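Chain by chain, the residues run as shown.
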Amino acid sequence: MLLTLALALSATASATPRTLDQIKASGTLKLGTEGAFPPFNFYQGKTLTGFEVDLGNALGKALGLKVEWVVQPFDGLLIALNQGRFDAVVASHAITPERQKAVTFLNPHYCSTVNIVARKGGPLSRQALAGKTVGTQIGTAQIPILQAIPGIKDVRTFPNDQTVLSALQAGRVDAWSSNGPVVAYMLKQTGQGGKILIGEAISRERNAGAVAKGNTALQGALNAALTRVQADGTYAKLSQKWFGQDIRCQ
Ligand code: ARG
């Protein structure tokens, strides 16, 4: 028991984020993501795929590195990043002042809104959320924004957006809040188009990858790689493939 504890503690203590030189020497870039946020990072059968997975692979290629994906629940990603479980995270994090205290963000790889979503006849605006319950993913940037809506009854957190959508369909919450492109994709996939509607935007995000706090050499290399794939047409091609439009920040 004691030995297990000691091993666990030493594993945590010795886990240090890798430097750019160490990553280059290993030949492999480890990227962390969630795998449940379609069409950005998700599973198609047993295959991890999505816009951010394609983009992360392209960034690795631009740096001459192989990419290895590490998948874990969203709410622990930034802690795992600082513990060195992977070198960078690519999981649609909004750049927020709060998160900037904890990690070092890359330049945003897209911009998007966060919307209020409800069944037909349900609350589709901030105003309509008075007295209502909204569900959203745990660990997300929209939680404090939702909590600040005047008169809102309850903000309930769920492990991922699939579970919030199920709760909305079952009437266990009055509304759902998530990034617009994710809602649009999931409603289309599940054939909920006319029954569930996308309402008001409650925030506009710059969505970015991040490296461990202060890992600036790696930040510089990944930003340079992003600039390159955005300049050479790779980014435009991937954005067209997943969204039918270019979603880079204007
Ligand atoms: N954009 C929101 C945020 O920054 C949600 C991101 C959720 N990402 C995910 N892979 N589930 O908190």
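Structure's up top.
Given the structure is predicted, the values throughout are model-derived calculations rather than measurements. (Residues numbered from 1 in each chain as written. Predicted model: local features only at pLDDT ≥ 70, side-chain atom pairs only at ≥ 80, totals over all residues. Heavy atoms only, no water.)

Asks: Tell me what's going on with the overall build of the protein, and back it up with residues and numbers.
Replies: Broken down by element type, the protein carries 10 helices and 11 strands. For the C-alpha atoms alone, the extent of the protein along its principal axes is close to 55 × 55 × 35 Å. Out of the 250 residues belonging to the protein, those deemed buried represent 50%. When contacts within the protein are restricted to residue pairs at least 6 apart in sequence, those whose partners lie at least 24 apart make up 67%. Summed over its atoms, the accessible surface of the protein is roughly 11,800 Å², and 55% of this surface lies on carbon and sulfur atoms. With 25 positive and 15 negative side-chain charges, the protein shows a separation of 3 Å between the mean positions of the two kinds. (Helix = DSSP H or I, 4+ residues; strand = E, 2+ residues; numbered from the N terminus. Buried < 20%, exposed > 50% of the residue type's maximum accessible area, 1.4 Å probe, protein only. Contact = heavy atoms within 4.5 Å. Areas by Shrake-Rupley, 256 points an atom, 1.4 Å probe, with all protein chains shown as cover. Lys, Arg positive; Asp, Glu negative; His and termini not counted. Charge placed at Lys NZ, Arg CZ, Asp CG, Glu CD.)

Asks: Tell me what's going on with helix H8 (residues 180-189), and back it up with residues and numbers.
Replies: Taken together, the buried positions of H8 are Gly 180, Val 182, Val 183, Tyr 185, Met 186 and Leu 187. In the segment just after H8, Gly 191 is the residue with positive phi, at about 65°.

Asks: Pulling in residues and values, what's your account of the state of the cysteines?
Replies: Evaluated as defined, the whole model comprises 1 disulfide. Paired by a disulfide, Cys 111 and Cys 249 hold their sulfur atoms 2.1 Å apart. On the sign convention where negative means left-handed, the S-S torsion of about 100° between Cys 111 and Cys 249 marks this disulfide as right-handed. Of this pair, Cys 111 sits in strand S7 (residues 103-119) while Cys 249 sits in the segment after helix H10 (234-243), and the two are 138 residues apart along the sequence. (Disulfide = S-S within 2.5 Å.)

Asks: Which residues make up the site of the ligand, and what values go with them?
Replies: Residues in contact with the ligand amount to 16 residues; listed here are only the nearest, Glu 34, Ala 94, Arg 99, Ala 141 and Glu 205. Between Gln 137 and the ligand, the recorded distance is 2.8 Å, taken from a side-chain N or O atom to a nitrogen atom. Here Glu 205 contributes a side-chain N or O atom positioned 2.8 Å from a nitrogen atom of the ligand. At the level of elements, strand S6 (88-94) and strand S11 (196-212) are the ones that each hand at least two residues to the shell around the ligand. (Near = heavy atom within 4 Å. Polar contact = N/O pair within 3.5 Å; in protein donor to acceptor, adjacent residues only side chain to side chain.)

Asks: Give a detailed account of the nonpolar core, specifying residues and quantitative values.
Replies: One finds Phe 40, Phe 51, Trp 176, Val 229 and Ile 247 to be the most contacted residues of the largest nonpolar core, which totals 31 residues. Among the secondary structure elements, those contributing two or more residues to this core are helix H3 (51-62), S7, helix H7 (161-169), H8, helix H9 (216-231) and H10. The residues that make up this core include at least three from each of domain 1 (20-110 + 207-243) and domain 2 (112-205). Those residues in contact with Val 229 that lie beyond four places of it in its chain are Leu 55, Ala 58, Leu 59, Ala 62, Thr 234 and Tyr 235. Counting residues in each nonpolar core, the second largest holds 15 residues, with Leu 31, Leu 48, Leu 218 and Ala 221 among its members. (Core = buried A, V, L, I, M, F, W, Y, C linked by side-chain atoms within 4.5 Å. Domains from an automatic or database assignment.)

Asks: How would you summarise the packing of aromatic side chains if you had to cite specific residues and measurements?
Replies: Here the structure, examined in full by the defined rule, presents 8 aromatic pairs. With centroids separated by 4.3 Å and ring planes inclined at 10°, the aromatic side chains of Phe 40 and Tyr 110 adopt a geometry described as stacked. Placement of Phe 40 in the loop between strand S2 (36-37) and strand S3 (41-44) and of Tyr 110 in strand S7 is noted, with a sequence separation of 70 residues between them. The exposure class assigned to Phe 40 is buried, which follows from its relative accessible area of 0%. Residue Tyr 110 is classed as buried on the basis of its relative accessible area, which comes to 0%. On the basis of an interplanar angle of 75° and a centroid distance of 5.4 Å, the ring pair of Phe 51 and Phe 243 is categorised as edge-to-face. Highlighted residues: Phe 51 in helix H3 and Phe 243 in helix H10, separated in sequence by 192 residues. Aromatic rings pair up to connect Phe 37, Phe 40, Phe 51, Tyr 110, Tyr 235 and Phe 243 into one cluster. (Phe/Tyr/Trp six-rings, centres within 6.5 Å; stacked < 30°, edge-to-face > 60°.)

Asks: For the environment of Thr 49, give the residues involved together with the corresponding values.
Replies: You can see Thr 49 is positioned in strand S4 (residues 47-49). Placed 135 residues apart in sequence, Thr 49 and Ala 184 show a C-alpha to C-alpha distance of 17 Å. The contact partners of Thr 49, leaving out residues within four places of it in the chain, are Phe 40, Asn 41, Phe 42, Gln 44 and Trp 242.

Asks: Describe in detail the sheet that holds S2, supporting the description with residues and values.
Replies: Strand order in the open sheet formed by 3 strands is S2-S3-S4, and the pairing between neighbours is antiparallel. Among the strands making up the open sheet, the edge pair consists of S2 and S4. Where S2 and S3 come together, 2 bridges link them in antiparallel fashion. Looking at S3, one finds that Ala 36 is bridged to Phe 42. (Pairing = 2+ DSSP bridges.)

Interpretation note: all reported values are geometric properties and have no functional meaning in isolation.
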